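One letter stands for each residue in the lines below.
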Amino acid sequence: MSPTFDIVELATTYANKSPQDILKLAFAEFGDDLWISFSGAEDVVLVDMAWKLNKNVKVFSLDTGRLHPETYRFIDQVREHYKIDIELVSPDYTKLEPFVKEKGLFSFYKDGHGECCGIRKIEPLRRKLTDVRAWATGQRRDQSPGTRSQVAVLEIDTAFSTPERTLYKFNPLSQMTSEEVWGYIRMLELPYNSLHERGFISIGCEPCTRPVLPNQHEREGRWWWEEATQKECGLHAGNIIAKSKTL
């Protein structure tokens, strides 16, 4: 990383740049130390853009053990389409097994999704990011008015940085809309999760995801039994932290 990497200045400078320009900056500064997080429709757009800039792009996906079969097939389709490795990061069984033994497989319907996501998503992601200098996500501002409306194109990841290591986070698609994402997918005939053809928009774990009705926001299909402003699993906990500071 160059000594002139001023994240505040760059976030301002690149606020209205294209996703490709933001990814060019990310690769220029971090090269092969940049990892792409992959799971949903917007992420295949991110992977496509990144792959066109760097054929050796590094991609990982969280395998919670509770994903839809269609999602696993989608991951494999993307792997084959780009001829790239997609590293699957799984929960620590020494934490997962006691949790399931004590609370069963559906405790989140009663006591919220936080604990389950903590074991199946947050711990594996924290473990993955331990030695990572920078990562890029497919977050978009229109995904969740409650938690993502202020997502910056570039930021310090306050959730996963440590006193010894600053983790940089790029959100190249932050200003893209859902319509633009799907226009890109259809124009280039990119692979996508077949669940989208059945009314699913935002897709997570199978028990926590359902199709949405016409005119419902995409986030209403996730953790529908919980309060809307908390619909983050913790992967992007900084969104909730940042929002609370402005209230």
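Residues numbered from 1 in each chain as written. Predicted model: local features only at pLDDT ≥ 70, side-chain atom pairs only at ≥ 80, totals over all residues. Heavy atoms only, no water.

This paragraph deals with the layout of surface pockets. In this structure, the second largest pocket spans a volume of roughly 170 Å³. If you go around the second largest pocket, the residues you meet are Ser-178, Trp-182, Arg-186, Tyr-192, His-196, Glu-197, Gly-199, Phe-200, Ile-201 and Glu-218. (1 Å grid on protein atoms, 1.4 Å probe; cavity = no way out; pocket = protein on both sides within 12 Å on 5 of 7 lines; lining within 4 Å. Points joined across faces, edges and corners; volume = space filled by probe spheres on them.)

One open sheet holds the six strands; their spatial order is S3-S2-S1-S4-S6-S5, and the pairing between them is mixed. Of all strands in the sheet, those with a lone pairing partner are strand S3 (86-89) and strand S5 (154-156), marking the two edges. The mean inter-strand angle of the sheet, taken between neighbouring strand axes irrespective of direction, is 30°. Where strand S4 (residues 134-136) lies against strand S6 (residues 168-170), three bridges are found, and the strand directions are parallel. For Ala-134, the partnering residue across the bridge sits in S6 and is Tyr-168. Contacts between helix H2 (residues 19-30) and the sheet are confined to strand S1 (34-37), S4, S5 and S6, with S6 contributing the most and set at about 155° to the helix. Packed onto the sheet, helix H4 (residues 69-82) meets strand S2 (58-62) and S3 and runs at close to 155° relative to S3. (Pairing = 2+ DSSP bridges. Helix = DSSP H or I, 4+ residues; strand = E, 2+ residues; numbered from the N terminus. Axes fitted to C-alpha atoms, helices over the stretch in contact; angles between N-to-C directions. Contact = heavy atoms within 4.5 Å.)

In this fold, Ala-15 is placed in the loop between helix H1 (7-13) and H2. Residue classification places Ala-15 among the partly exposed positions, given a relative accessible area of 23%. Distance from Ala-15 to Gln-175, taken between C-alpha atoms, is 8.7 Å for residues 160 residues apart in sequence. With residues near it in sequence (within four places) discarded, Ala-15 still touches Val-153 and Gln-175. (Buried < 20%, exposed > 50% of the residue type's maximum accessible area, 1.4 Å probe, protein only.)

Contact geometry for helix H3 (residues 41-53) and H4: axes closest at 12 Å, N-to-C directions at 15°. The orientation of H3 relative to H4 falls into the category roughly parallel. Crossing hand, H3 versus H4: right-handed. Of the residues in H4, those in contact with Val-44, Val-47, Asp-48 and Trp-51 of H3 are Phe-74, Val-78 and Tyr-82. Class assignment for the residues of the contact of H3 with H4 results in six nonpolar, no polar and one charged. (Parallel < 35°, antiparallel > 145°, perpendicular 65-115°, else oblique. Left-handed = near helix turned anticlockwise from the far one by under 90°. Nonpolar A, V, L, I, M, F, W, Y, C, P; charged D, E, K, R; others polar.)

In the numbering used here, UniProt assigns the feature "binding site: [4Fe-4S] cluster" (unreviewed entry) to Cys-116, Cys-117, Cys-205 and Cys-208. Look at the named residues: they lie 93 residues apart in sequence, but the longest C-alpha span between them is just 10.9 Å, so in the fold they bunch up. Lining the second largest cavity, from this annotated set, are Cys-116, Cys-117, Cys-205 and Cys-208. Position of Cys-205 among the secondary structure elements: in the loop between helix H8 (178-188) and helix H9 (237-246). Cys-205 has contacts with Thr-64, Arg-66, Leu-67, His-68 and Lys-121, leaving out every residue within four places of it along the chain. Relative to the elements of secondary structure, Cys-208 occurs in the loop between H8 and H9. Residue class for Cys-208 comes out buried when judged on its relative accessible area of 9%. (UniProt positions renumbered as here; feature names shortened; annotations may be inferred.)

Scanning all chains against the criterion turns up two cavities of 30 Å³ or more. Looking at the second largest cavity, its volume works out to about 100 Å³. Taken together, Arg-66, Phe-108, His-113, Cys-116, Cys-117, Arg-120, Lys-121, Cys-205, Pro-207, Cys-208, Arg-222 and Trp-223 form the lining of the second largest cavity. With four residues, the top contributor of residues to the lining of the second largest cavity is helix H7 (residues 114-129).

A general trend in soluble globular proteins is that nonpolar side chains are found buried together. Ranked by size, the top nonpolar core spans 41 residues in total, and within it Leu-34, Ile-36, Phe-38, Val-44 and Phe-170 carry the most contacts. Those elements that provide at least two residues to this core are H1, H2, S1, H3, H4, S4, S6 and H8. Setting aside its immediate chain neighbours within four residues, Leu-34 contacts Ala-26, Phe-27, Lys-58, Ala-134, Trp-135, Ala-136 and Phe-170. One finds Ile-122, Leu-125, Ala-159 and Leu-167 within the second-largest nonpolar core, a separate group that totals 12 residues. (Core = buried A, V, L, I, M, F, W, Y, C linked by side-chain atoms within 4.5 Å.)

Quick look at the pattern of salt bridges now. A full pass over the atoms with the stated rule returns 11 salt bridges. Residue Arg-140 is joined to Glu-42 by a salt bridge in which the shortest nitrogen-to-oxygen separation is 2.6 Å. One end of the pair, Arg-140, is in the loop between S4 and S5; the other, Glu-42, is in helix H3, and 98 residues separate them in sequence. Here Arg-140 and Glu-42 have matching classes, each one buried. Residues joined in a network through salt bridges with shared partners are Lys-103, Asp-111 and Glu-115. (Salt bridge = Lys/Arg side-chain N within 4 Å of Asp/Glu carboxyl O.)

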